[in-house]
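# Structural characterization, general
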Amino acid sequence: MTDVEREQETDYLEVEINLLRPATPFMKDHLRVIWIGFGVWVITTFGPITATRIAPDLMTTAMPVIGFPFHYFAIAIGAPGAALLLSVWYAKRRDAIDEKYGIEQVDNEALDAGDSAGEGAAAADGGAAE
Amino acid sequence: MYDKILIPTDGSEVANNAVAHAIDLAEKYDAEVHALFVADTDMVAYSLGTEQVDRIRQGKFGEMTELADDAKEATGFVREQAEAAGLDFAERHAGGQPHDVIADYARDNEIDLIVMGSHGRSGVRRALLGSVTERTLRSTHVPVFVVDYVEGR
Amino acid sequence: MIPSSALMQADELLPEGLEIGFKLVPAIMVISMMTLFLAVGFVFKVADTDDMWVAGRSIGNVENGMAIGANWMSAASYLGMAALIALSGVYGLAFVVGWTTGYFVLLIFLAAQMRRFGKYTAPDFVGDRFNSDTARALAAVTTFLIGFVYALGQARGMGLVGMYVLGDINNVIAIPGLSAYQAMMTLFMLITIAYLTLSGMLGATKNMALQYVILIGAFLVGLLATGWVSGYSTILPQIEYGMLISELGNEFSDPFAGGSYYLWIATCFSLVFGTCGLPHVLVRFYTVENERTARWSCTWGLGFIAVLYLSAPAFAAFGTDLYTNSEFGPTYGDPGMSDAAADVIVVLAAQLANLPTWLVGFVAAGGIAAAVATTAGLFIAASSAISHDIYANIINEDATQRQQVLVGRLSIIAIGLLTILFALNPQAPIAALVSFAFALAAIVLFPMFFLGLWWENTNRPGALAGMTSGIIIWFIPMLNEGQFGLINGGAGFGIEFLETWMPAIGSALIGVPLVFAITIFVSYVTDEPPLRTKQMVRQCHSPDPMPKDKTAAQVVAEKNGNAHADD
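One structure accompanies this document, and this report is about it. (Residues numbered from 1 in each chain as written. Chains lettered and ligands numbered in written order. Predicted model: local features only at pLDDT ≥ 70, side-chain atom pairs only at ≥ 80, totals over all residues.)

### Examining the sheet that holds strand E3 (residues 89-96) of chain B
All names here are of chain B. Applied cut-off: Strand pairing is assigned whenever DSSP detects at least two bridges linking the two strands. Strands are runs of DSSP state E lasting at least two residues, helices are runs of H or I lasting at least four, and both sets are numbered from the N terminus onward. Every angle, taken between N-to-C directions, lies between 0 and 180 degrees, and every axis is a line fitted to C-alpha atoms, over only the stretch in contact when it is a helix. For the purpose of contact definition, each residue receives a C-beta atom placed from its backbone, and two residues are in contact when these atoms lie within 7 Å.
On the basis of which strands lie adjacent, the open sheet formed by five strands has the order E3-E2-E1-E4-E5 and parallel pairing. A strand with exactly one partner marks an edge of an open sheet, and here the two such strands are E3 and strand E5 (144-148). Taking each pair of neighbouring strands and ignoring which way they run, the sheet shows an average axis angle of 25°. With five bridges joining them, strand E1 (residues 4-8) and strand E2 (residues 32-40) adopt parallel strand pairing. Bridged to leucine 6 within E2 is histidine 34. Along the sheet face, helix H1 (residues 13-29) touches E1, E2, strand E4 (113-118) and E5 and points at about 150° away from the line of E4.

Written out as structure tokens, the structure is:
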């Protein structure tokens with residue numbers, strides 16, 4: 001059985017969610033992305049200040065051209081920048097996982113387009129549900 | 001004289017108390033019964049937060065399950081009685097300032113009579129809590145039939 | 001200068017160097033900004049949604065992202081951060097890092113899952129996930145407390161910058177017992193409450209995208225102008241300030257001049273996990289279109305936030321240099337720049353650069369508008385905690401809509417008065433005050449969100465134990481350092497060991513692991529939660545798209561055929 005097939009057979013209400021032991025292929029893929037992202041995040045967030053603690057002389061050297069002391073650049077610009085890049089990376093990876101497993105995100109407009117005529121006339125218990 | 005009768009309701013006992021009067025009148029005039037539930041966006045904003053107001057604006061009322069259930073229950077109560085009496089029925093769930101929405105609905109749908117319940121409060125409590133019924137009275141030219149709710153009756 | 005232990009001579013909160021006095025154009029700008037927000041909100045109001053079942057306009061990723069960005073434009077980001085970067089150097093950068101990178105953690109662990117849970121408020125989540133009214137009440141009280149502490153920081157900002165715009169009220173009407181700062185702070189707090197009330201009466205929705213654009217506009221224009229006029233930068237001050245750093249004095253760039261390594265880590269940690277625990281941040285994800293939107297909105301949000309956060313250090317650098325070269329003397333050393341002056345360094349820098357008054361006023365107006373808008377949002381969050389979570393859900397289940405509105409309004413008055421009272425003598429700079437709120441969110445709420453969503457065996461006793469101990473743990477360093485002026489008239493217990501290893505500004509470093517441990521332990525040794533609850537958690541992680549009109553709990557109930565009425 002391929003991953004995708006196994007996924008389709010899974011009823012999530014029966015599956016134990018465990019952060020450390022993913023039980024389904026989807027969760028495995030998802031958690032891998034999460035842990036990798038988190039790991040990199042820890043390094044880019046707490047790394048620069050720690051490196052500065054350990055090797056202050058090295059870290060405080062001035063950078064060419066822009067003149068920042070390196071530690072300052074790494075902390076003030078590097079950390080937030082890295083977090084932003086990581087976020088974009090994560091969102092894209094999740095989109096890829098969605099595609100792999102054929103998950104289609106529900107869309108408000110798409111749903112209502114196939115629904116009752118939206119003339120806003122009276123009555124109708126309405127409801128966007130199927 | 002009255003072809004269309006509007007019953008604004010919030011599902012409370014006060015509101016439900018007026019329904020019997022409304023249905024009775026409707027039967028006598030063979031009128032169409034309209035039930036209207038208004039989600040007070042003030043309440044949504046203060047009580048649930050302004051993101052929820054956004055939700056209503058986006059038309060995602062259906063996702064606000066408790067509120068949606070309240071709405072369905074409120075108008076459903078009217079529907080039951082109207083259909084039992086063999087009357088034509090229409091319902092609407094709207095959001096906004098209740099008295100404004102009621103007045104607008106009455107105008108847009110050519111309502112001839114509005115029947116609503118009232119707490120019959122007076123004094124400080126009335127001053128603090130306000131009366132939707134009273135404000136509706138002042139917001140519309142359509143005749144309004146007010147049924148006071150007296151506890152224990 | 002370590003912010004958390006600074007005891008202020010509060011009755012003399014007077015930023016030296018700031019030209020205090022009524023300025024017409026800036027005053028008009030403040031009023032215009034607030035009026036603009038109200039007007040646009042009114043035009044787009046939702047009053048009279050004729051039929052709530054009809055699909056309306058959807059809010060896309062970018063707009064959601066701007067809303068998240070606007071949420072983050074408070075007096076702390078606009079004013080307070082530059083203050084700490086200037087005075088405490090690299091330590092101040094812990095705030096830049098903490099307040100941005102936290103969003104990534106939120107993104108990967110909480111955003112999408114919250115969307116699937118689908119309720120209204122954060123206490124909703126806690127109450128439903130742990131099947132407990134007590135838990136809900138604790139979360140609601142914590143939400144209120146967070147709003148209050150966070151607002152203290154905003155109030156301080158309003159008071160300080162307000163003095164620039166409107167001057168010393170005592171010159172117009174001598175108010176006995178109130179200093180210039182205190183009078184101004186009170187005035188702006190009252191304006192905030194009026195703004196909130198008016199906004200409610202008009203049914204105005206918050207137009208967050210507009211707010212973001214205006215506030216970031218004011219900040220960036222100020223930065224560019226200050227940099228240009230003073231010769232520091234041309235078009236990209238956010239990079240160009242690098243060359244200025246070597247001239248600023250060691251305090252600015254020395255790694256540990258402003259705070260120890262431990263303090264940096266503790267603060268950053270606190271701010272990161274506080275971000276993940278703030279109720280008004282998380283509830284935004286309840287209402288997004290779907291999980292993909294949740295992810296991308298969060299990402300855009302981080303981007304918009306980064307625009308501000310990469311700019312603040314530049315402003316701090318310019319301000320430091322301008323101040324040092326001004327008549328008010330060097331920024332560092334004795335006496336150096338005071339906390340009060342630092343808190344307004346963004347405005348001060350613009351002023352010292354001799355920019356025209358209207359331009360400085362624009363920057364100042366931005367700061368005030370940021371503070372007012374944030375405070376309004378916090379007050380609503382607090383009022384909803386009282387009105388929806390405590391009143392309508394626990395005390396009076398049959399509450400009518402009018403009653404909820406009344407309770408909501410009363411709560412706003414209550415929190416307003418409390419804030420005014422305690423902001424008369426703020427014990428710490430803006431950023432520090434706001435950080436206390438973050439620490440609270442990190443210690444009490446974040447563990448509940450994280451464990452609630454990722455470990456299905458977290459149960460009611462565990463949650464209750466965790467939250468209760470969390471609240472106590474948060475109070476300990478706060479009282480130890482004399483915050484709120486409650487102990488020893490503001491001196492606090494003064495236990496040094498505690499001050500070093502569990503500073504109030506970064507207490508989450510100790511608090512979060514502790515609460516995690518307590519919650520996990522208690523959950524382990526007590527009964528597992530009912531299957532239905534566990535299924536609710538599983539439903540939050542399932543890749544199957546959620547039906548539009550159902551919360552996770554309802555999907556579970558349906559699949560079980562509504563057979564179990566247990567709990």
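Next comes the rest of the account.
### Some points on helix H1 (residues 24-43) of chain C
All names here are of chain C. Here is the rule we go by: One less than the number of residues in a helix, times 1.5 Å, gives the span that helix is expected to have. Exposure classes come from backbone-placed C-beta atoms, where a residue is buried if 20 or more other C-beta atoms lie within 10 Å of its own, exposed if 12 or fewer do, and partly exposed in between. Arc definition: it is the arc formed by the directions from the helix axis to the C-beta atoms.
Taking 1.5 Å per residue as the helical rise, H1 with its 20 residues ought to reach 28 Å, and the 28 Å between its terminal C-alpha atoms agrees with that figure. Restricting attention to buried positions, one finds in H1 the residues Pro26, Met29, Val30, Met33, Met34, Phe37 and Gly41. Projected onto a plane normal to the axis of H1, the buried residues spread over an arc of 120° and lie on a single side. The outward face of H1, more than 90 degrees from its buried face, is lined by the exposed residues Leu24, Thr35 and Val43.

### Considering unusual backbone geometry
Residues and elements named next belong to chain B. The backbone of aspartate 30 shows a phi angle near 50°, a positive value even though the residue is not glycine. Inspection of the secondary structure assignment puts aspartate 30 in the loop between H1 and E2. Note on aspartate 30: 11 C-beta atoms within 10 Å, which makes it exposed. Although it is not a glycine, glutamate 110 adopts a positive phi angle of roughly 55°. Mapped onto the fold, glutamate 110 is located in the loop between helix H5 (98-108) and E4.

### Considering the interface of chain A and chain C
Formally: Under the convention adopted here, Pro, Cys and the residues Ala, Val, Leu, Ile, Met, Phe, Trp and Tyr are nonpolar, Asp, Glu, Lys and Arg are charged, and Gly plus all remaining residues are polar.
Residue-level contacts link 57 residues of chain A with 59 residues of chain C. Broken down by secondary-structure element, the contributors of at least two residues to the side of chain A that touches chain C are helix H2 (25-54), helix H4 (70-100) and helix H5 (108-113) of chain A. Looking at the side of chain A that touches chain C element by element, the count peaks at 17 residues for H4 of chain A. Class assignment of the residues belonging to the side of chain A that touches chain C gives a composition of 36 nonpolar, 13 polar and eight charged.

### Points about helix H16 (residues 357-395) of chain C
Taking 1.5 Å of rise per residue, 39 residues should cover 57 Å, and H16 of chain C covers 53 Å from first to last C-alpha, within 8% of that figure. With 35 of its 39 residues buried, H16 of chain C lies for the most part within the structure.

### Regarding the pairing of E4 of chain B
Two faces make up the sheet, and in a regular strand the side chains alternate between them. Residues and elements named next belong to chain B. In terms of burial, E4 is largely enclosed, as six of its six residues are buried. Covered by surrounding structure in E4 are Leu113, Val115 and Gly117 together with Ile114, Met116 and Ser118, the residues of both alternating faces. Pairing of E4 with E5 involves five bridges; the strand directions are parallel. Its bridge partner lying in E5, glycine 117 is registered against valine 147.

### A few points about the environment of leucine 110 of chain C
Residues and elements named next belong to chain C. The topology assignment puts leucine 110 in helix H4 (residues 90-117). Sequence separation between leucine 110 and valine 221 is 111 residues; the distance between their C-alpha atoms is 35 Å. The contact partners of leucine 110, leaving out residues within four places of it in the chain, are Cys276, Leu282, Phe449 and Leu453.

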